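# Architecture and fold: a report
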Amino acid sequence: MSLQPHSVATPDEHVVTAREALEPLYLHLEQEAEAKLVAAALRAGWSAEEALSAIDDLKLEDMQAIARRKS
């Protein structure tokens, strides 16, 4: 998977927030990263279920770290 150029909406395009402008690209990158992680795990001999579980655990750890930084 190669990184495809994606447009980000400008403030002139009636986007209310930067988050709204970036969300489609963010979601695409998240899906692309997850697909690459699963593919790498499969090549290494792990099952897709094990890879997805590990990815979920990593996401949870990230969310917990962010929550700790905010508090």
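Quick note: structure is the one above.
Summary of the structure given here.

For the rest of this paragraph, the subject is the environment of Asp56. Along the polypeptide, Asp56 turns up in helix 2 (residues 48-70). Asp56 sits in the partly exposed class, given a relative accessible area of 48%. Along the primary structure Asp56 and Glu34 are separated by 22 residues, whereas in three dimensions their C-alpha atoms are 9.9 Å apart.

Roughly 160 Å³ of internal volume is contained in the largest pocket. Lining the largest pocket, in full, are Tyr26, Glu30, Lys59, Asp62, Met63 and Ile66. At the level of elements, helix 1 (18-43) and helix 2 are the ones that each hand at least two residues to the lining of the largest pocket. The element best represented in the lining of the largest pocket is helix 2, accounting for four residues.

Calculation criteria
- Residues numbered from 1 in each chain as written.
- Predicted model: local features only at pLDDT ≥ 70, side-chain atom pairs only at ≥ 80, totals over all residues.
- Heavy atoms only, no water.
- Helix = DSSP H or I, 4+ residues; strand = E, 2+ residues; numbered from the N terminus.
- Buried < 20%, exposed > 50% of the residue type's maximum accessible area, 1.4 Å probe, protein only.
- 1 Å grid on protein atoms, 1.4 Å probe; cavity = no way out; pocket = protein on both sides within 12 Å on 5 of 7 lines; lining within 4 Å.
- Points joined across faces, edges and corners; volume = space filled by probe spheres on them.

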